[in-house]
Amino acid sequence: MIDWTWPEVDRLEHQENWNEAKEYLIKAWQQNPTDLKTTVRLGFFCWYVVVEQGPLGITDADIDTDELESFLTEVTNFGLAHFITHEDFLWCFGYMISMFPYYFGDYEQWEEKGISMLKHAYELYPEEPIYKYSYLGSFTNTYRTRRTRKNELKRVKTVLEDRFRGEGLLSEYFKSIFS
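Residues numbered from 1 in each chain as written. Predicted model: local features only at pLDDT ≥ 70, side-chain atom pairs only at ≥ 80, totals over all residues. Heavy atoms only, no water.

Enquirer: Before we go on, may I ask you to explain the pattern of salt bridges in this structure?
Expert: Working definition: two side chains of opposite charge can pair if their charged atoms are close together. Scanning all chains against the criterion turns up 13 salt bridges. When the shortest N-O distance is used, the salt bridge between Glu161 and Lys175 registers 3.9 Å. Residue Glu161 is found in helix α8 (residues 143–163), and its partner Lys175 is found in helix α9 (residues 169–178); the two are separated by 14 residues along the sequence. You can call Glu161 exposed: its relative accessible area is 55%. We classify Lys175 as buried; its relative accessible area is 13%. Among the salt bridges present, the one from Asp162 reaches Arg165, with a minimum N-O distance of 3.2 Å. Ionic contacts of the salt-bridge type, sharing partners, join the residues Asp3, Glu128, Asp162, Arg163 and Arg165 into one network. (Salt bridge = Lys/Arg side-chain N within 4 Å of Asp/Glu carboxyl O. Helix = DSSP H or I, 4+ residues; strand = E, 2+ residues; numbered from the N terminus. Buried < 20%, exposed > 50% of the residue type's maximum accessible area, 1.4 Å probe, protein only.)

So, in structure tokens, the structure goes:
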């Protein structure tokens, strides 16, 4: 799993300087779109701010969410064309897509795509607890699945701090939902 730490972006996100973080990430991505970490961090930033703008207290005056949605679509399509065999892309975008498929297009089609991406990441690295837990989380809530997820969550907690260092949105988000 990639080291998600990026001091400049982490600082801007942590300080809730949304426009500065957006501009920094977009510029970095435009300069080097084939850098996986940049692609994932920009995609996650766009997704998170759009999805969580209310709880974050962000208004349309604070940041252009239409622009973020447009970049989310662009980065997603770019990633699908260039990183479809990379486990970190598959996992992170698969997670985002499966959680809120309607931000990506046709709900059922994209929900299925997101789950498929989580499955592929897990199949590439079945021993990675984050990938396994995320994939298992995409199943319906049966007793067997709940029990398996509970056991896997224990494994996730042992690697959580190592996998998500830093204080950026991506790291903080996954540390909070998996803890």
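Enquirer: Can you help me understand the layout of surface pockets in this one?
Expert: Space left empty within the atom packing is revealed by a probe, the size of a water molecule, rolled over the atoms. A volume near 160 Å³ is recorded for the largest pocket. Lining the largest pocket are Tyr95, Ser98, Met99, Leu118, Tyr133, Ser134, Gly137, Ser138, Arg149, Ile177 and Phe178. Those elements that provide at least two residues to the lining of the largest pocket are α5 (87–99), α7 (129–136) and α9. Looking at the lining of the largest pocket, the element that brings in the most residues is α5, giving three residues. Looking at side-chain class alone, the lining of the largest pocket contains six nonpolar, four polar and one charged residues. (1 Å grid on protein atoms, 1.4 Å probe; cavity = no way out; pocket = protein on both sides within 12 Å on 5 of 7 lines; lining within 4 Å. Points joined across faces, edges and corners; volume = space filled by probe spheres on them. Nonpolar A, V, L, I, M, F, W, Y, C, P; charged D, E, K, R; others polar.)

Enquirer: Could you clarify how one ought to interpret the nonpolar core in this entry?
Expert: Across soluble globular proteins, you tend to see nonpolar side chains buried next to one another. Counting 58 residues, the largest nonpolar core has Phe44, Phe45, Trp47, Trp91, Phe164 and Phe174 as the members making the most contacts within it. It is helix α3 (residues 36–56) that contributes the most residues to this core, 11 residues altogether. (Core = buried A, V, L, I, M, F, W, Y, C linked by side-chain atoms within 4.5 Å.)

Enquirer: Help me understand the packing of aromatic side chains, please; the structure alone is not making it clear to me.
Expert: Ring pairs (aromatic) are described by centroid distance and by the angle formed between their planes. One pass over the full model with this rule turns up 29 aromatic pairs. Note on Trp18 and Phe45: the rings are 6.4 Å apart at their centroids and 45 degrees apart in plane angle, and the pair reads as tilted. With Trp18 in helix α2 (residues 18–31) and Phe45 in helix α3, this pair connects stretches of sequence that are 27 residues apart. Assessed through its relative accessible area of 0%, Phe45 is described here as buried. Between the aromatic rings of Trp91 and Tyr131, the centroid separation amounts to 6.3 Å while the plane-to-plane angle is 45 degrees, which identifies the pairing as tilted. Linking Trp91 in helix α5 with Tyr131 in helix α7, this pair joins segments that are 40 residues apart in sequence. Tyr131 carries the same exposure label as Trp91, and that label is buried. (Phe/Tyr/Trp six-rings, centres within 6.5 Å; stacked < 30°, edge-to-face > 60°.)

Any functional reading would require information beyond the geometric quantities listed.
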